[in-house]
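Structural description and commentary
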Amino acid sequence: MTPTSENDLAEAILGARGALRLRGGGTRSIGLSEGTLLETGGITGVTLYEPGALTLVARAGTPLAEVEAALDAENQRLAFEVPDLRGLLGTQGASTLGGIVAANASGPRRIASGACRDFLLGVRFVDGAGRVVSNGGRVMKNVTGYDLVKLMAGSHGTLGVLTEVSFKVLPKPEAAATLVLHGLTESEAVAAMAAALGSPYDVTGAAHDPGARQTLLRIEGFARSVAYRLGQLRALFPGRETSEDTDPDAVAALWAGVRDVAPLQGRVGDVWRISCKPSDAPELAARLRAEALLYDWGGGLVWALLPEGTDARARLGTFAGHATRVRGTGSAPAFHPDPAPVAALAEGLRRRFDPRGVLNPGLMA
Amino acid sequence: MKMPAPNASILARKDQIVARLREVLPEGSVISELSETRAYECDALTAYRCPPLCAVLPSSTEEVSAVLKICFEEGVPVVPRGSGTSLAGGALPTADSVILGVAKMNSVLETDYANRLIRVQTGRTNLSVSGAVAEEDFFYAPDPSSQLACAIAGNIAMNSGGAHCLKYGVTTNNLMGVTMVLMDGTVIELGGAHLDAPGLDLLGVICGSEGQLGVVTEATLRILRKPEGARPVLMGFAANEVAGECVSDIIKAGVLPVAIEFMDRPCIEACEAFAHAGYPMCEALLIVEVEGSEAEIAEQLEKIIEIAKRHNPVELREARDADEAGRIWLGRKSAFGAMGQINDYMCLDGTIPVSSLPHVLRRIGEMSEEFGLKVANVFHAGDGNMHPLILFNANQEGQLELCERFGAEILKLCVEVGGCLTGEHGVGIEKRDLMHAQYRPADLEAQMAVKDVFDPHWLLNPAKVFPLDASESRRRLAIAAE
Ligand SMILES: Cc1cc2nc3c(=O)[nH]c(=O)nc-3n(C[C@H](O)[C@H](O)[C@H](O)COP(=O)(O)OP(=O)(O)OC[C@H]3O[C@@H](n4cnc5c(N)ncnc54)[C@H](O)[C@@H]3O)c2cc1C
């Protein structure tokens, strides 16, 4: 089913006799394997874009590419750097805004500017009982009632099917640069990233590729300011071998590689994503015994390639954070189980919003 | 403003309830004498007052849990309280409720500079969180004007903002985790030193839930390194519209100031009379602040001034040093105080799309004539969060009601142009019955469904946020179940 309006979508959900398998652009591999396919790609269009107010509203099925083109024309962008995981996951299709929000998909800039959920100003959705709900709006500051906007971000279609989303967008910076530290161990790299992120120089990306033994730090802004901060940042690491890049295309390509987890692409195995306290990352990575790794968010996000069917959580043991399997099909659940009282709340919410259990049932439970 | 009638059965059981609470709390932590409970009869929305059944001041998460368990068993409503600076009546008690204050819980539990976070008990004041990390040149970004007094507890409950949130975001963007006690006494942990939720983003819903989903006892907050420096520029314009266009142009140009504050003529005049900051007498005044090294500040200010000049400013004053910067901020920072000097005032908090600024200011001016009440406007222009201050005389019969009616009209206007009722102060009781103007019944139902899950008996701060008619059946059920 591919409804083309919110009304049709509500009817499709009301008429569902069993599980609905929701799909935006189909670029992500987490999802049900059975159920009636319900696609949101028919509900499209940018409904409002005010560059001077930094806000954009669009229907949920709008392709990311269309939105990026509109923003590009005004020299603006979605600041949370939407990952393009097709290469990693071996999927096709084109990302839609609704799918991005449902996955709270956020790239390297998350560490500085925030996640998708931090830029999401409002949502409209149809819940599992066919009720149309709107929450939030199109203004940056809004504390009117409960924040269901955050609840919907990352809910993977289990509470409702998004029909419209509004975002705060940001101007593109005039310049960007990468400082590369060479040859650091993983612990040294995490410490270096902490020093950079704890400096006043507005680092907007901090990643470490242990395969290449490269630690990457990104700076963005006005050209003169970027040059100044790049110098200051380099001075934080005396005695280290460094190199830098200020070519806009090269900087963009390098960070697209981090965003899209390039070092793990094209390789056999399961892909896990571990969210942790940055300083714990090297120790957790050691426990994982992964075949390939990539550290993002200063160490707060670890991508790991493990042999098929490996339960990363069993290797990690107890730790502060969570592990999600983004590719692969072991017996362990894809999403990290919540502790019992929290799981009970989440289950309660799903029952309320989807009383018949038709929206991606079981996906997050 | 109506509040539900207190539950007579609870009032009758006061002694028994107080005795049970005394059993689980240390001496002096249960306050039940009317002479003392008066201290908890209102928050900063002082027009509404009601002493609670009693007030408790626990010292730990365990004690909070013990208190809630008893209140749950006794079916007694609980109103969580931080420092009581809410402008929306969020911490206003009812006669049958227990005030649960977290003021005693004000310790720093952990500072972790490598991971850029601080863990505190939520009774700690906002400013003292920044104070705790100042020696390492770090700070906690959300900075409500009330930061000297307000607690992190209230900041989380209201999702508070501040002057610098244009760059750094509001509380929800800087909150990493909480320890929270549910109404039945269950203690849960959400988030922590890592980013993003494993499953549903419950932390995102807790923030801004106005004390209706649980009592937050501990919080993990993101801290940031202080910028090398900051400096404001002041500009005056001949018309509100022009100032509004200038704001929009600055934002579009890619400069990201940390703050853009707007004051209109009535506000400028009052501030000038009060603080003598040397403000120019004009229709609209902007204060724009940028951050960075000396050279970075100069570069950004140069761009901003260039944009401002295209709008024929009547005044352009760049701070050359800390002293001049202080003078530029002086008037703005004393705006509320200045208003308090000349009149009673009601502070509104609606948000509008920045593009509607001129229209909304014009309409407020017209309504001011219709209602016969003066309005001064001071607000965070970068994000459209307005703070119209309606001046009235509280001692004059009927003026408070007139002022409230005028306020309601302004907030409805905010919604009409695509904005919202409240940008940072919260709904509380103040905007509770206006929620219908912004949300359809299904929208409110969905929000109330969240409360049903966290607090099935509707005992936590029950008469707030949702219009009384919308929440009535749920609150009734709670009483019947008791
Ligand atoms: C002069 C002045 C200036 C202000 N400026 C600003 C500003 O710039 N920006 C801004 O956003 N606000 C501002 N405010 C409003 C107010 O300071 C904020 O809403 C603040 O966050 C309230 O904190 P508090 O600790 O005083 O909370 P309280 O007033 O005690 O309570 C506020 C709400 O939080 C709930 N609550 C309290 N503790 C808990 C807890 N432990 N768990 C769960 N819920 C709890 C209460 O039930 C209530 O609903 C201002 C107020 C004043 C008086």
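This one's a predicted model, so the numbers in the text were calculated from it and none came from an experiment. (Residues numbered from 1 in each chain as written. Chains lettered and ligands numbered in written order. Predicted model: local features only at pLDDT ≥ 70, side-chain atom pairs only at ≥ 80, totals over all residues. Heavy atoms only, no water.)

**Things to note about the domain arrangement of chain B**
All names here are of chain B.
- The domain boundaries assigned to chain B delineate domain 1 (108-225), domain 2 (230-336) and domain 3 (343-433).
- On the domain 3 side, the residues contacting the 9 residues of domain 1 number 8 residues.
- Of the roughly 550 Å² buried between domain 1 and domain 3 on both sides combined, carbon and sulfur atoms contribute 49%.
- In terms of surface lost to domain 3, no three residues of domain 1 exceed Met 158, Leu 166 and Glu 210, which account for 59% of the buried area on that side.
- At the junction of domain 1 and domain 3, the tally comes to 0 salt bridges.
- Remark: the boundary between domain 1 and domain 3 carries 2 residue pairs in polar contact (both at pLDDT 80 or more). (Domains from an automatic or database assignment. Contact = heavy atoms within 4.5 Å. Buried area = accessible area lost by both parts, 1.4 Å probe. Salt bridge = Lys/Arg side-chain N within 4 Å of Asp/Glu carboxyl O. Polar contact = N/O pair within 3.5 Å; in protein donor to acceptor, adjacent residues only side chain to side chain.)

**Some points on the site of the ligand**
Residues and elements named next belong to chain B.
- Looking at the ligand, there are 32 residues lining it, with Pro 80, Gly 82, Thr 85, Ser 146 and Ser 160 nearest.
- In this structure, Ser 145 approaches the ligand through a main-chain N or O atom, which is 2.9 Å from an oxygen atom.
- Here an oxygen atom of the ligand and a side-chain polar atom of Asn 461 are 3.2 Å apart.
- When the ligand sits alone it has 980 Å² of accessible area, and the protein chains cover 93% of it.
- Here the shell around the ligand takes 5 residues from helix 6 (residues 152-158), the largest share from any one element.
- When the residues that make up the shell around the ligand are grouped by side-chain class, the tally is 13 nonpolar, 16 polar and 3 charged. (Near = heavy atom within 4 Å. Areas by Shrake-Rupley, 256 points an atom, 1.4 Å probe, with all protein chains shown as cover. Helix = DSSP H or I, 4+ residues; strand = E, 2+ residues; numbered from the N terminus. Nonpolar A, V, L, I, M, F, W, Y, C, P; charged D, E, K, R; others polar.)

**Re the nonpolar core**
- Within the largest apolar cluster, 139 residues are counted, with the highest numbers of intra-cluster contacts made by Leu 151, Phe 167 and Leu 349 of chain A together with Leu 286, Val 450 and Phe 454 of chain B.
- Looking at which element gives the most residues to this core, the answer is helix 16 (residues 399-416) of chain B, with 9 residues.
- Once you skip the residues sitting within four places of it in the chain, Phe 167 of chain A turns out to touch Leu 54, Thr 55, Leu 56, Leu 78, Phe 80, Leu 97, Val 101, Cys 116, Phe 119, Leu 120 and Leu 121 of chain A.
- With 60 residues, the next largest nonpolar core counts Ala 196, Val 251, Ala 304 and Ala 323 of chain A among its residues. (Core = buried A, V, L, I, M, F, W, Y, C linked by side-chain atoms within 4.5 Å. Buried < 20%, exposed > 50% of the residue type's maximum accessible area, 1.4 Å probe, protein only.)

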